[in-house]
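Coordinate analysis (summary)
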Amino acid sequence: MKEGGTSESNQLIQIKVSEFSRLRSLTRSMRNARVCILYQSANLEYTWSENLPPMWQDKWFKGCTDDALMNETSAAKLNASREEAIRSGIPQMVEINILTGNSSRWYEFYSDCDYHDDGALAGILTTMVDISELKRREQILKALLREVSHRSKNLLSIIQSVAAQTARFTDTIDGFLGKFRGRIQSLSQSQDLVTDSNWHGALFRDLVRSQLEKYTDINDTRLKVTGENPYLFPGAALHLGLALHELIVNATSFGGLNPQSKNHVVINIRASETNDGEDQLVFEWHETDFYNIPIDESSPPRFGSAVLQRIIPSVVDGEAEYLKDENGVTYRLTIAKEHYDL
């Protein structure tokens, strides 16, 4: 009997040690996961807790209520959730923002009823989970979505304007579609650069390269890109990309980048100052051998001229000069300091 009793005692000890080890592991896991367990009696007084958050270490005591741990509004919200759990018998969840000094943390409270064998309410078991990091990510995501919505509306507005102006200056459907596709492609290439920079903008030389590579060899010896390489903010990048598109299409069709041409194109951008001493950028496009056909000065302005002389300058708060004759074309654009960074 003695040996049998000893064996059973050892088995019980091993079971208790195993259970203790399991509980210790569970407690460590809860601590790592920022989970707190709270237990209240049927009259909603706390009887025990496990893994209290630091803000409650000095506030919690056996027999306390929610009023001792949080403000009146938060306590009322949590109590309402528990009363609903008692009424319906269904576990309830509520999110509460708890102030801790000058900061706050978000928690999810899952409240579930605990019953005696006879069905009477024994107490309320509450699992408290720190979701502050999740809330922070949600706020960042909402801010990003608002920014995407804002940017998308701006881009749609630009596309609508391009479509309307292209239609205004085009005589045929086929002509409209060809020009409109090219301009939308130009916007798309500039938008890719802006998106890759997390909506900050685009480097000038990357913008030039993206617009050139569809129409000509970017290593063409007739082409020179000189000067600074400023960082253009999104609005300026999109619109200057559109201006480059118009200049490049004309140059490859009729001017300095035409396969039959032996002349050249120089693209330059440099820092300068206004007459009032304000910083600005000066973008210049100089092209020789522009248009091997007579220029009719009495012909109505086309879309490209409207973009270069009116639309782009208004967007970048600058001024533009577009000179074109049988010898070539010169386009000069100033860009206000609010639209770039060196």
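Cut-offs applied
- Residues numbered from 1 in each chain as written.
- Predicted model: local features only at pLDDT ≥ 70, side-chain atom pairs only at ≥ 80, totals over all residues.
- Heavy atoms only, no water.
- UniProt positions renumbered as here; feature names shortened; annotations may be inferred.
- Helix = DSSP H or I, 4+ residues; strand = E, 2+ residues; numbered from the N terminus.
- Expected span 1.5 Å × (residues − 1).
- Buried < 20%, exposed > 50% of the residue type's maximum accessible area, 1.4 Å probe, protein only.
- Polar contact = N/O pair within 3.5 Å; in protein donor to acceptor, adjacent residues only side chain to side chain.
- Contact = heavy atoms within 4.5 Å.
- Pairing = 2+ DSSP bridges.
- Axes fitted to C-alpha atoms, helices over the stretch in contact; angles between N-to-C directions.
- Phe/Tyr/Trp six-rings, centres within 6.5 Å; stacked < 30°, edge-to-face > 60°.
- Lys NZ or Arg CZ within 6 Å of the ring centre and 35° of its normal.
- Salt bridge = Lys/Arg side-chain N within 4 Å of Asp/Glu carboxyl O.

The chain is annotated in an unreviewed UniProt entry as histidine kinase from Paenochrobactrum glaciei. A UniProt comment under Catalytic activity (unreviewed entry) is attached to the chain, and it reads "ATP + protein L-histidine = ADP + protein N-phospho-L-histidine."

**Concerning helix α4 (residues 173-196)**
Taking 1.5 Å as the rise per residue, α4 with 24 residues should run 34 Å; its terminal C-alpha atoms sit 34 Å apart, in good agreement. For α4, the set of buried residues is Phe176, Phe180, Gly182, Arg183, Ser186, Leu187, Gln189, Ser190, Gln191 and Val194. Among the residues of α4, the N-terminal cap falls to threonine 172, whose side-chain oxygen and the backbone nitrogen of glycine 175 are separated by 3.0 Å. One or two residues past the end of α4 sits asparagine 198, with phi positive at roughly 60°.

**Quick look at the side chain of arginine 222**
Summarising the element assignment, arginine 222 is placed in the loop between α5 (204-212) and β7 (223-227). Engagement of the side chain of arginine 222 in a polar contact is seen with the side chain of aspartate 220, the distance being 2.8 Å. In terms of polar contacts, arginine 222 uses its side chain to reach the backbone carbonyl oxygen of asparagine 258, at 2.6 Å. Dropping the residues within four chain positions of it, arginine 222 is found in contact with Gly256, Leu257, Asn258, Ser261, Lys262, Asn263, His264 and Val265.

**Considerations on the sheet that holds strand β12 (residues 328-336)**
The strand order across the open sheet formed by five strands is β7-β9-β10-β12-β11, and the pairing between neighbours is mixed. Where the open sheet ends on each side, the last strands, each with one partner, are β7 and β11 (320-325). Averaged over all neighbouring strand pairs, the angle between strand axes comes to 10°, with direction disregarded. When β7 meets strand β9 (residues 265-273), the two strands line up parallel, connected through five bridges. By the bridge assignment, lysine 224 is partnered in β9 with valine 266. Against the sheet, α5 engages β7, β9 and β10 (279-288), with an angle of about 165° to β7. In this fold helix α6 (residues 234-253) packs onto β10, β11 and β12, with an angle of close to 15° to the strand it touches most, β10.

**Some details on the packing of aromatic side chains**
When we look at a pair of aromatic rings, we describe it by the centre distance and by the angle of the planes. On inspection of all chains with the given rule, the structure shows seven aromatic pairs. Measuring from ring centre to ring centre gives 5.3 Å for phenylalanine 176 and phenylalanine 180, while their planes differ by 10°; the resulting arrangement is stacked. Highlighted residues: phenylalanine 176 and phenylalanine 180, both in helix α4, separated by four residues, approximately one helical turn. Phenylalanine 180 shares its class with phenylalanine 176; the two are buried. An angle of 70° between the planes, with centres 5.9 Å apart, marks the rings of phenylalanine 204 and phenylalanine 283 as edge-to-face. Of this pair, phenylalanine 204 sits in helix α5 while phenylalanine 283 sits in strand β10, and the two are 79 residues apart along the sequence. The side chain of lysine 135 reaches across the aromatic face of tryptophan 106, ending 4.6 Å from its centre.

**Quick notes on the pattern of salt bridges**
The final tally for this structure, using the stated rule, is 12 salt bridges. Arginine 87 is the salt-bridge partner of glutamate 84, the closest N and O atoms lying 2.6 Å from each other. Within this pair, glutamate 84 and its partner arginine 87 are both found in helix α2 (residues 72-88), separated by three residues, close to a single helical turn. Residue arginine 87 is classed as exposed on the basis of its relative accessible area of 62%. Residues arginine 136 and glutamate 133 are paired through a salt bridge, measuring 2.6 Å at the closest nitrogen-oxygen approach. Highlighted residues: arginine 136 and glutamate 133, both in helix α3 (residues 132-168), separated by three residues, approximately one helical turn.

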